[in-house]
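# Fold and contact review
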Amino acid sequence: MRFQLTEDQSALRAGVRELLDRRFGREALRAAVDAPGRLDRELWRALGDAGFFALRLPEADGGVGLGLPEAVLVFEEAGRALLPGPLVATHLAAGSVAGAATGETVVAAADGRLVEWLEAADVVRGAVAGAVPLRSVDPLTPLHRIPAPTPGEAAADRRPPDGGETHTAAGSRPAEASAHPGSGADPGAAGGEHAAGASAHPGSGGHPRAAAGGRAAGSARVGGGSARAEAKPRVGEAPGERRQATQPPAGTGTGAVGADGTGNPAPDPVAILLTAAEQLGTAVRVQELAVQHARTREQFGQPVGAFQAVKHLCADLLVRTETARVAVYAAAVTGDAADIAAARLLADEAAVRGARDCLQVHGGMGFTWEADVHLHLKRAWVRARRGGGGTESEELLAARLAA
Amino acid sequence: MDLSYTPEEEDFRARLREWLAKVLPTLPPKPSPDDWPARRAYDLGWQRTLYEAGYADVHWDASPTLRLIFLEETERAGAPYVGANFVGLLHAGPTIAAEGTPAQRARWLPPVLRGEEVWCQGFSEPDAGSDLASLRTRAWRDGDDYVVTGSKIWTSHAEVADWCELLVRTDPDAPKHRGITWLAMPMDATGITVRPLRTLAGSAEFAEVFLDEVRVPVANRVGAENDGWRVTMVTLSFERGTAFVGEVVACRRVLAELAVEARRNGRWDDPVLRRRLGRLEAEFRALWRLTQWNVSGAEASGGVPGVGGSVFKLRYSHARQELYDTAAEVLGSDCLDMNRPWVLDRLSSLSYTIAAGTSQIQRNIVAERLLDLPKGR
Ligand SMILES: Cc1cc2nc3c(=O)[nH]c(=O)nc-3n(C[C@H](O)[C@H](O)[C@H](O)COP(=O)(O)OP(=O)(O)OC[C@H]3O[C@@H](n4cnc5c(N)ncnc54)[C@H](O)[C@@H]3O)c2cc1C
């Protein structure tokens, strides 16, 4: 056992940090805040060039050939830098959507009844017809809400609470995913080469279905036309064929298949893990910001960080961050769905509570638009809603306990 | 990042498992927690069994990873806990191993390994708890002896100990960290009075120890005179190192038992309770990973446990209390019945945020040593 970063992994992380400092420093961040909804395509291509999206594709397919442990390090840095855009969705599409790997194509994905970056994306996975824009709490994440289905469909799509079978997300490596691109693909849509919906991620309930011998049927129906790739979707366009509730419950338990009633597939555990990695990055960053401020801001003739009430807030920031870190890294190594669920809970906590405490340490400055603290808190809130929210993960872990 | 074990490590694990399966059924029944002499005999007997099978020195000589495997497997198999051997194996022993002379190592280490002698830790005093360095128990040189007068408190296992790792003040005029000396005091020396203290759980886990002109040979001093603080820090880093590995494994087992009980008594249907259990499962999974992370870190740094132990202890103490508070929710009104499982553990868990450095002190350590925040006044 050597559960520490290898030299290569440390170098990778340092490299990504350097790239993001250079390409998306504070000025770029604040410029992005001032131009909400605009995605910097040049930056996106630079990320593509750096292998951000193709990281886990096999080298034979033009990818970088690395694994989940490397991916979480990269996403941690993205989170730390508050990098905007549908990073997870595009990364997950790298094996199946043309241009995603290089950063040419921006891919968004429906997640429950929300979809981030819908209008800026070239390709959208999942059924998003009729989606209406929200006034997003996070200036760096435009959001649309997908309309609720008719009551009948919603009820039929509900999943019993304990669906927690063992499932390894390692199975959702793109290499393997490309082996069954059919599931859910609507070859007619979007030029056909965009295997849509769950296709790149058999992890999203794919394995349990396959185990049940239902893949053939699944490929015709699962995500069916609903999980279609739409080139340049126009909001309000006629919906794709909506999946009926014929699909057996997903076994991943990481998200209810269609629990939201949209018919969109359960979130891929890998998506949840990469989100947790981004949350970890936020936790790291808010800890840095809080400690920096505590060391330099003086009151009563001493740095406020010399006051124990402040010092202990900072210590707790570190404890939460380091606990989340090992949970995220270990989940990346094992790929186990329960480890991923644990990582997400710990990382959400570290990010959200961390940002809150960071705000507190900043005093009035923390309540301003000008300080970056609120950007971290808001992004952490957005990410904490992904994949059904923490409740799903708690239920999955409870189910594991009782198994 | 690699969570897999080498073939040698897996082999060690397999042989240990096999041995445990053979030996555990032959152990005598566990003694009552109130019967100190029986507890001493039982704990020493277990250490003796380990010694004979070649596992006695796993705490000192084995790599941190083998130690992890040892603690994991013994706990999983339900083997006895270190118990009265705790200070000998995890505090005094490692300190003597690191700082003692060859003669001192030869005198004190083998009896600890063989399960023949029990040690206790005489650090805290009535007026020196968190501020340990302000301790006032005095020692004067008189020929080949130190003469010690003062009092210690919260001394676990004092009633059954043969030796006490004792901190005394040898130079009252020096700055407080510079005038302290580390002594090995025989507990049968004249002038020692042990008065048991009852814990809130009703048991007598620790005691007050009064020292009235107790003579301790100068040869029993480990490290130089007035260098005891540094010597002590070696001990404390061991205390916060791998000491809790077995307990994390045990907590995970308790959590699974709580799920079984909740299903049995119907409380599982309460989603709030169910999710609380799910969250605890996340917590203890993470604590296990943190243990592995710290062990790998120690392996890389040559075996010395680092400040990561404070991070672990903070999080773990809190998680353990949350575990048994949740157990109380699972039990419902039965949580008021001392005969029910987990009720006593709930009481014991209250000491975790106090003993071995309170949570507030751990936060000071994390903030000042890891985050480099200015020292408070
Ligand atoms: C079950 C148990 C077993 C023990 N076994 C042993 C043993 O075998 N040998 C031994 O020597 N000792 C032992 N101890 C003693 C233990 O190490 C002390 O209780 C501990 O260090 C705290 O000291 P105190 O009790 O004097 O509390 P105090 O130091 O008086 O603390 C009181 C409160 O003030 C807070 N506080 C103190 N200083 C600060 C500060 N600088 N900043 C912020 N908050 C502060 C503390 O966190 C605490 O909340 C044991 C204790 C327990 C509970």
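Small disclaimer: the values here were computed from a predicted structure and weren't measured.

Calculation rules
- Residues numbered from 1 in each chain as written.
- Chains lettered and ligands numbered in written order.
- Predicted model: local features only at pLDDT ≥ 70, side-chain atom pairs only at ≥ 80, totals over all residues.
- Heavy atoms only, no water.
- Core = buried A, V, L, I, M, F, W, Y, C linked by side-chain atoms within 4.5 Å.
- Buried < 20%, exposed > 50% of the residue type's maximum accessible area, 1.4 Å probe, protein only.
- Helix = DSSP H or I, 4+ residues; strand = E, 2+ residues; numbered from the N terminus.
- Domains from an automatic or database assignment.
- Contact = heavy atoms within 4.5 Å.
- Buried area = accessible area lost by both parts, 1.4 Å probe.
- Salt bridge = Lys/Arg side-chain N within 4 Å of Asp/Glu carboxyl O.
- Polar contact = N/O pair within 3.5 Å; in protein donor to acceptor, adjacent residues only side chain to side chain.
- Nonpolar A, V, L, I, M, F, W, Y, C, P; charged D, E, K, R; others polar.
- Near = heavy atom within 4 Å.
- Areas by Shrake-Rupley, 256 points an atom, 1.4 Å probe, with all protein chains shown as cover.
- Axes fitted to C-alpha atoms, helices over the stretch in contact; angles between N-to-C directions.
- Parallel < 35°, antiparallel > 145°, perpendicular 65-115°, else oblique.
- Left-handed = near helix turned anticlockwise from the far one by under 90°.
- Expected span 1.5 Å × (residues − 1).
- Pairing = 2+ DSSP bridges.
- pLDDT = per-residue confidence, 0-100.

Further remarks concern the nonpolar core. Leu47(A), Val328(A), Tyr329(A) and Phe284(B) are the most contacted members of the largest nonpolar core, which totals 162 residues. Among the elements that line this core, the one with the most residues is helix α10 (residues 269–296) of chain A, at 15 residues. Two domains each provide a minimum of three residues to this core, namely domain 1 (7–118) and domain 3 (244–370) of chain B. Among the nonpolar cores identified, the runner-up in size contains 28 residues, and Leu89(B), Ala92(B), Trp108(B) and Leu132(B) belong to it.

At the interface, 49 residues of chain B touch 53 residues of chain A. With both sides pooled, the region where chain B packs onto chain A buries about 4500 Å², and carbon together with sulfur makes up 65% of that total. Area buried by chain B at its contact with chain A is led by Met1(B), Trp293(B) and Arg315(B), which between them contribute 20% of it. Across the contact surface, chain B and chain A share nine salt bridges. In this structure, Asp339(A) engages Arg289(B) in a salt bridge whose closest nitrogen and oxygen atoms are separated by 3.1 Å. Connecting chain B to chain A are 22 residue pairs in polar contact (both at pLDDT 80 or more). Mapped onto the side of chain B that touches chain A, the elements with two or more residues apiece are α3 (64–76), α7 (245–265), α8 (271–300), α9 (308–331) and α11 (359–370) of chain B. Ranked by residue count, the leading element in the side of chain B that touches chain A is α8(B), at 18 residues. Within the side of chain B that touches chain A, the residues separate by chemical class into 23 nonpolar, ten polar and 16 charged.

Here we take up the pattern of salt bridges. Pairing is possible between side chains that carry opposite charge, provided their charged atoms lie close to one another. Taken as a whole, this structure holds 61 salt bridges over all chains when the rule is applied. Of the charged contacts in the structure, one is a salt bridge between Arg13(B) and Glu10(B), with a shortest N-O distance of 3.5 Å. Residue Arg13(B) and its partner Glu10(B) are located together in helix α1 (residues 7–23), separated by three residues, close to a single helical turn. Asp11(B) is the salt-bridge partner of Arg15(B), the closest N and O atoms lying 3.3 Å from each other. Of this pair, Arg15(B) and Asp11(B) both sit in helix α1, four residues apart, which is roughly one turn of the helix. Judged by relative accessible area, Asp11(B) falls into the partly exposed class, the value being 40%. One network of salt bridges, with partners in common, ties together Asp336(A), Asp339(A), Arg400(A), Arg252(B), Glu281(B), Arg285(B) and Arg289(B).

If you check the shell around the ligand, you find 18 residues, and the closest are Gln308(A), Gln121(B), Ser130(B), Trp154(B) and Thr358(B). Surrounding the ligand is a set of residues that belongs to chains A and B. The contact in question runs from an oxygen atom of the ligand to an N or O atom on the side chain of Ser130(B), over 2.6 Å. Relative to its unbound accessible surface of 970 Å², the ligand loses 65% to contact with the protein.

Residue and element names in this part refer to chain B. The geometry of helix α4 (residues 86–99) relative to helix α5 (residues 102–113) is characterised by a closest axis approach of 10 Å and an angle of 160° between their N-to-C directions. With respect to each other, α4 and α5 are oriented roughly antiparallel. Crossing of α4 over α5 shows left-handed handedness. Residues Gly-88, Leu-89, Gly-93, Ile-96 and Ala-97 of α4 lie in contact with α5, whose contacting residues are Gln-104, Arg-105, Trp-108, Leu-109, Val-112 and Leu-113.

Let us look at the environment of Gln121(B). Residues and elements named next belong to chain B. Mapped onto the fold, Gln-121 is located in strand β1 (residues 119–122). For Gln-121, a relative accessible area of 19% corresponds to the buried category. Sequence separation between Gln-121 and Trp-154 is 33 residues, and the spatial gap between their C-alpha atoms is 9.0 Å. Here the side chain of Gln-121 touches His-91 through a polar contact of 2.8 Å, side chain to side chain.

All names here are of chain B. Tracing the sequence through the fold places Trp-19 in helix α1. For Trp-19, a relative accessible area of 14% puts it in the buried group. Not counting chain neighbours up to four residues away, the residues in contact with Trp-19 comprise Trp-46, Thr-49, Leu-50, Ala-53 and Tyr-55.

Moving on, we come to helix α13 (residues 373–384) of chain A. All names here are of chain A. In this model α13 runs 17 Å from its N-terminal to its C-terminal C-alpha over twelve residues, within 8% of the 16 Å that 1.5 Å per residue would give. The element α13 is largely enclosed, with a buried count of eleven among its twelve residues. By the burial criterion, the buried members of α13 are Val-373, His-374, Leu-375, His-376, Leu-377, Lys-378, Arg-379, Ala-380, Val-382, Arg-383 and Ala-384. On its buried face, α13 sits against α2 (26–34), α4 (68–80), β2 (114–116), α10, α12 (337–362) and α14 (389–402).

Residues and elements named next belong to chain B. Of the pairings in the sheet, the one linking strand β2 (residues 138–142) to strand β3 (residues 145–156) comprises five bridges and is antiparallel in character. By the bridge assignment, Ala-139 is partnered in β3 with Val-148. Hairpin connection from β2 to β3: two residues lie between these consecutive antiparallel strands, with Gly-143 at a positive phi of about 65°.

This brings us to unusual backbone geometry. A positive phi is found at Leu82(A), a non-glycine position, where the angle reads about 60°. Mapped onto the elements, Leu82(A) comes out in the loop between α4 and α5 (87–93).

Take the confidence of the model for chain A next. All names here are of chain A. Considering every residue of chain A, the mean pLDDT works out to 79; 72% of them sit at 70 or more. Mean pLDDT across the elements of chain A bottoms out in helix α9 (residues 215–221) (29) and peaks in α4 (98). Scored below 50 in pLDDT, residues 154–258 shows 214 contacts in the model against residues more than four places distant or in partner chains.

With that settled, the discussion passes to α7(B). With 21 residues, α7(B) extends 31 Å between its outermost C-alpha atoms, agreeing within 8% with the 30 Å of an ideal straight helix rising 1.5 Å per residue. Within two residues after α7(B), Gly266(B) carries a phi angle of roughly 90°, on the positive side.

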